[in-house]
Amino acid sequence: NAGASADEIKEQTRKVKNHILDSLNAETVYNLGLIKYTYQECKEQELGMGLDLQGGMSVVLQVNEEELVDALAHKSTDANYRKAFELAKQKMTNSNESFVTLFSQSYNEVAPNGLLASIFNGPDLKDKIKFNSSNSAVIEAVDKEVKDAVKRTYNIISARIDKFGVTQPNISLEERTGRIIVELPGVDNPERVRKLLQATAKLEFWEMYDNTEIAKSILDANKVLSAKLKAMKSSTNTVDTSKAILTASDSTKKDDATLTPLNGNKSNTDLTANTKPSSLKPAKEDTSKAALMEKGREENALFTVWTPVLDQKQTFVQSAFIGYVSGKDTAKLNSYLSYPEVKAAFPKNAMILYGAKPVDFTKRGAKNVTAAEKNIYEIYAIKKRLNDDNAPLDGSYVTNASRDVSQQGGNEIVMQMSTEGAAIWQRLTAKNIKKPVAIVLDNKVYSAPTVQNEIAGGRSSITGDFTAKEAIDMANILQTGKLPTTAKIIQEDIVGATLGDASINAGFWSFIVAFIVIVALMYFYYSMGGMISNVALVLNLFFTIGVLTGFGFSLTMSAIAGLVVTIGMAVDTNVIIFERIKEEILRGKSKQKVVEDGYKSSYAPIIDAHITTLLTGGILFYFGLGPVKGFATTLIVGLIINLFCGILITRWITDWMLSKNKNIDYVTGLSRNLFKHFNFDFVGVRKYAFIISGALSLIGIISIFTKGFDKGVDFLGGRTYTVQFEKSLSTNEVREKLTAIFGTSPVVKTVGTNNQMRITTSYKINESDPKTDSLVEQQLYKGLKDYFSGSDINSFQKHILSSQKVGPTIADDITMSSIWATVLSLLVIFIYIVIRFRKWQYGLGTIISLFHDVTMVLGLFSIFHGILPFSLEIDQTFIAAILTIIGYSMNDTVIVFDRIREYVREQKGRDLKEVINDAINHTLSRTIMTSLTVFLVVLILFIFGGEVTRGFAFAMLIGVITGTYSSIFVAMPVLYDLRDKKEDQIAEAIKK
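Reading the values: rules and limits
- Residues numbered from 1 in each chain as written.
- Predicted model: local features only at pLDDT ≥ 70, side-chain atom pairs only at ≥ 80, totals over all residues.
- Heavy atoms only, no water.
- Helix = DSSP H or I, 4+ residues; strand = E, 2+ residues; numbered from the N terminus.
- Buried < 20%, exposed > 50% of the residue type's maximum accessible area, 1.4 Å probe, protein only.
- Contact = heavy atoms within 4.5 Å.
- Areas by Shrake-Rupley, 256 points an atom, 1.4 Å probe, with all protein chains shown as cover.
- Pairing = 2+ DSSP bridges.
- Salt bridge = Lys/Arg side-chain N within 4 Å of Asp/Glu carboxyl O.
- Core = buried A, V, L, I, M, F, W, Y, C linked by side-chain atoms within 4.5 Å.
- Phe/Tyr/Trp six-rings, centres within 6.5 Å; stacked < 30°, edge-to-face > 60°.
- Lys NZ or Arg CZ within 6 Å of the ring centre and 35° of its normal.
- Expected span 1.5 Å × (residues − 1).
- Arc of directions from axis to C-beta.
- pLDDT = per-residue confidence, 0-100.
- Axes fitted to C-alpha atoms, helices over the stretch in contact; angles between N-to-C directions.
- Parallel < 35°, antiparallel > 145°, perpendicular 65-115°, else oblique.
- Left-handed = near helix turned anticlockwise from the far one by under 90°.

*Asks:* What's the story with the overall build of the protein chain in this structure? I'm lost.
*Replies:* Secondary structure assignment for the protein chain yields 33 helices and 26 strands. When burial is assessed residue by residue, the protein chain has 53% of its 992 residues classed as buried. Long-range contacts, defined here as pairs at least 24 residues apart, represent 76% of the contacts in the protein chain between residues at least 6 apart. Split by element, the accessible area of the protein chain, about 45600 Å² in all, is 56% carbon and sulfur.

Here is the structure:
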């Protein structure tokens, strides 16, 4: 279109492209006789791109197990129950156990002889819990009910996402923690996603108090509140009466929401809010605005935040809503209404709720609406039944819901109720003719029409100020059902398309360059044997990607990092085999015998190396989230497939070539004599190595306890925004601007270029209101708007390349999980080594070596953070690097251990020092070659991988160096120093 902006043209092009591709969905595009696939089937089976490669949103939802348990106990007031409940909540902050487990432990502490059956023997569990059930039986029943509710929550959210229309969403449930991980590629409206995921969909229909019915209660509440605040005489509770009260003409603007009975065709009989001014005036009360203002702050405390609905004569109007409140004053009003004296002023069955959206006074005929009046909400009084908190009718009776267009041209939600629901609705409307009925969703009033006629048939519509998307989302939420409990977003990642494109380029080039370098290195070092290894490597990558695609795995930057590391570690398998073959060649054996013995001798070290790495990968997968789990998955799949390709495929190719009398060389001019006659006394210099390692470790530990780490948002909690500015700025300038807005100093770092910064703040991170995310973003815009040419927050949002939110709860969990993952990895490896080599000295030598590596990496990250020109944050990805380093270092150590074990068996009575030195010297070619290949691929990842993986790659670079060093100069000398002295005596006796 002429005059269309670049963004509009891009969007139009995208729609045309999608339309053309969608028209091909049923067309066969892949035909191999019996095997045929349509375009749609091919799309469904392709390897998807992760969020960091195409943009999108990822969230971690925490199902509220506390709320579920309390609901099953019907919010019991039993003293022991309440004490145990609160104690369990406290324990949750530092525990990975489920809330049910912690509650059980807490109740046993509080009331060892108490009985839970009487507390949980309600309608929900009456078939599972008897009056004499044991506490263990009760906990078992409660635990099963909570787990079932978590699964229902997962299923409902999955159904909502399916209706959301996102291509290749990824939804998974972690039953152990009650968390739901949702990945939505390509979404560009985070606020809509937050509402969709967190809405409990608790639809309720309530009877109401009319404004005139509750007028006296409002005035009485004002009196008692004013008296209470006056008596308190606290400056912190001083009431501000300077806020202007809405004019009388504003207060008579009516609620335009309607609910229409739909019996086949739409009826003209609408339920509309009747706001005709009433002649009813509260007895002996002067409610004029002038009188209210004259009485001052102490006598009209309630009306400083609550604007009553009055007509021109200053009398209470007959209306469904009973007042107005500014959005910024709702918290203060809630605190006032919580006072027992104020509660007592209202009817016992009254419940105060707010409208779902700010009032749009322009649609009610108002002109010149001020900014303050754009954030005004209506107040409603719901009429509960005494001793019953349940609504007369709720959403469980809704069998179908969809978005439609009302007779007035607006958006509406059409609902069909079940037969039972239709009967209840008919009785409810018949009872409330000429009275308002509230339609409430998640404790917010969406409309409060006055009933004009009895509604039969159970088919009705909710109309209001809905956009088309809002109506569709709400209909979908009602259609899929309500959540058993609330699900709160505790972690959130948003990646913009711009950053996604940069990640694709970085990941692609790091992968291609690493692959080319390794292929060339293997050929120039191992000649034809290297080419056979390269064939196996290509097949390894092909099969790995195929398996990941079959599992519905999405390719991410962390997965690419896993592939790059897999390349290096896969080469290790062939290096081990080729080095053993080279040794067998020197012994003068036939070609077939050389290959046979070379492979046979390599099985033990290869299997040991893979098992130890898989153990650390499994632990990483179990404890990790998001990118860490993606990395672990890729690593595990790649290593398992490598056992097939690195051993079976290379052996098959080799045997085939030998059967054809083809010559296979395993050496070149470069490698023929390299390390051939190398003989160094590694054990003899161990004291110098211990001094060097001890000194470096001590420096690192001092830095850790004094300077500390640059902890990422994963461990601190908070929100992080990657913002691209229009020009280069100093971090100090940006920090000062935002400190004035947030009240605390955010962490501001340059990322990549000087005009790109990562801003981390803990501002309002403890608040659970879904609106908080938007509020923080607005504050960020307020602080940075002077640096952008755009005039509103929408243009500013295009400069936010990515954002991340980590709540305090999950930050604590990540910290504990990281510690446990590291400790458990070391423990599991120790146990495996002891079992495998049958001596505890091997295990302890390994653990000391690995501890040395971890300390070195941690120390260097502490020393150099803030000095090097790239981020050295300690986050989940860093933990992945640590555990990968542990697995890699184990490879080196296990290879030498295997050779030592072999020599000890073959050369009984030989001095252990000589055995260890020979083992290290004979495997040095393999050690250097493997270290070099892994170092090169990680170095390429560091150079080309971009900011996303740079910290991970740097940690791996350090780990490769320290891991190689510690395997030779730490693990082996420790093994020697811890040797059984009796073996020395035996060796001496054999020599004599």
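Back to the write-up after that little detour.
*Asks:* What exactly am I supposed to notice about the environment of Ala561 here?
*Replies:* Looking at the secondary structure, you find Ala561 in helix H19 (residues 557–586). Separated by 69 residues in sequence, Ala561 and Gly630 place their C-alpha atoms 9.6 Å apart. Apart from the residues lying within four places of it in its own chain, the contact partners of Ala561 are Phe631, Leu941, Thr949 and Phe952.

*Asks:* Please clarify how the pairing of strand E5 (residues 170–174) should be interpreted in this entry.
*Replies:* It is a general feature of regular strands that their side chains alternate between the two faces of the sheet. For E5 and strand E6 (residues 179–185), the ladder comprises 5 bridges, and the chain directions are antiparallel. Bridging across to E6, Ser172 finds its partner in Ile181. Here E5 folds back onto E6 in antiparallel fashion, the turn holding 4 residues, of which Gly178 has a positive phi close to 70 degrees.

*Asks:* When you look at the pattern of salt bridges in this model, what are you seeing that I'm missing?
*Replies:* Evaluation of the coordinates by the stated rule reveals 28 salt bridges. A salt bridge links Glu86 to Lys89; its shortest N-O distance comes to 3.9 Å. Taken as a pair, Glu86 and Lys89 lie in helix H5 (residues 79–92) at a separation of 3 residues, close to a single helical turn. Residue Asp608 pairs with Arg836 through a salt bridge whose shortest N-O separation is 2.5 Å. With Asp608 in helix H20 (residues 591–623) and Arg836 in helix H27 (residues 808–837), the pair connects residues that are 228 residues apart, well separated along the chain. The buried category is assigned to Asp608, whose relative accessible area is 0%. The class of Arg836 is partly exposed, set by a relative accessible area of 28%. One salt-bridge network, held together by shared partners, links Glu584, Arg587, Lys589, Lys593 and Asp597.

*Asks:* Got a minute to help me understand the nonpolar core in this structure?
*Replies:* By size, the foremost hydrophobic cluster in this structure holds 113 residues, and its most contacted members are Ile833, Phe861, Ile900 and Ile916. The dominant element in this core, judged by the number of residues it contributes, is helix H29 (residues 876–906), at 16 residues. Other than its neighbours up to four places away in sequence, Ile916 contacts Val683, Ile900, Met972, Leu975 and Tyr976. Counting 46 residues, the second-largest nonpolar core is a separate cluster that includes Ala73, Val142, Val187 and Leu197.

*Asks:* Help me out: how do you make sense of the packing of aromatic side chains in this one?
*Replies:* By convention here, two paired aromatic rings are described through the distance between centres and the angle between planes. Under the definition given, this model contains 29 aromatic pairs. When the centroid spacing of 5.4 Å and the interplanar angle of 20 degrees are considered together, the rings of Phe725 and Phe788 count as stacked. You can see Phe725 sitting in the loop between strand E22 (718–724) and helix H24 (731–742) and its partner Phe788 sitting in the loop between helix H25 (772–784) and helix H26 (793–797), a full 63 residues away along the chain. The two residues Phe725 and Phe788 agree in class, both being buried. Sitting above the plane of the Phe85 ring, Arg82 keeps its charged end 5.1 Å from the centroid. The aromatic ring of Phe942 is capped on one face by Arg950, whose charged end is 5.7 Å from the ring centroid.

*Asks:* Where do I start with the pairing of strand E14 (residues 398–405) in this structure?
*Replies:* The sheet contact formed by E14 and strand E15 (residues 411–417) spans 7 bridges and is antiparallel. What sits directly across from Ala401, in E15, is Met415. In this structure, the hairpin formed by E14 and E15 is closed by a connection of 5 residues, where Gly409 is found at a positive phi of approximately 95 degrees.

*Asks:* Sorry if this is basic, but what is going on with unusual backbone geometry here?
*Replies:* Among all residues save glycine, negative phi is the norm, and among peptide bonds the norm is trans. Positive phi values are uncommon outside glycine, yet Lys75 reaches one of about 50 degrees. Turning to its location among the elements, Lys75 is positioned in the loop between helix H4 (65–72) and H5. Assessed through its relative accessible area of 60%, Lys75 is described here as exposed. Its identity is not glycine, yet Ser527 carries a phi of approximately 55 degrees, on the positive side.

*Asks:* In this structure, what is going on with H24? I would like to understand it.
*Replies:* Side chains that are three or four residues apart share a direction in an α-helix, a result of its 3.6 residues per turn. Across its 12 residues, H24 extends 16 Å between first and last C-alpha, which sits within 8% of the 16 Å expected from 1.5 Å per residue. Considered for burial, the residues of H24 that qualify are Thr731, Val734, Leu738 and Phe742. All buried residues of H24 project into a common sector of 65 degrees when viewed along the axis, lining one side. When the buried face of H24 is taken as reference, the exposed residues oriented beyond 90 degrees from it are Glu736 and Ala740. On the buried face of H24, the contacting elements are strand E23 (747–750), strand E24 (756–761) and H25. Of the residues trailing H24, Gly743 is marked for its positive phi of about 90 degrees.

*Asks:* How should I be thinking about H25 in this particular structure?
*Replies:* Helix length check: H25, at 13 residues, gives a terminal C-alpha distance of 18 Å against a target of 18 Å (1.5 Å per residue), a fit within 8%. Within H25 the residues assigned to the buried category are Thr772, Asp773, Val776, Glu777, Gln779, Leu780, Tyr781, Gly783 and Leu784.

*Asks:* What am I meant to see in the side chain of His610 here?
*Replies:* Relative to the assigned elements, His610 resides in helix H20. Non-local contacts of His610, meaning those with residues more than four positions away in its chain, are made with Thr573, Leu639, Asn642 and Leu643.

*Asks:* Would you explain the confidence of the model for the protein chain in this entry?
*Replies:* Any region with low pLDDT has predicted coordinates that should not be read closely. Across the protein chain, pLDDT averages 78, with 82% of residues at or above 70. Contacts from residues 235–285, a stretch scored under 50 in pLDDT, to residues over four places away or in other chains number 146 contacts. For residues 289–295, every residue scores under 50 in pLDDT, and the model assigns this stretch 10 contacts once sequence neighbours within four places are set aside.

*Asks:* What is the right way to read the packing of H29 against helix H31 (residues 924–944) from this model?
*Replies:* Contact pair H29 / H31: the axes reach a minimum separation of 11 Å and the direction vectors enclose 170 degrees. In this view, H29 runs roughly antiparallel relative to H31, as classed from their interaxial angle. The handedness of the crossing between H29 and H31 comes out as right-handed. The segment H29 lies against H31, with Tyr888, Asn891, Asp892 and Ile895 engaging Arg926, Thr927, Thr930, Ser931 and Val934.

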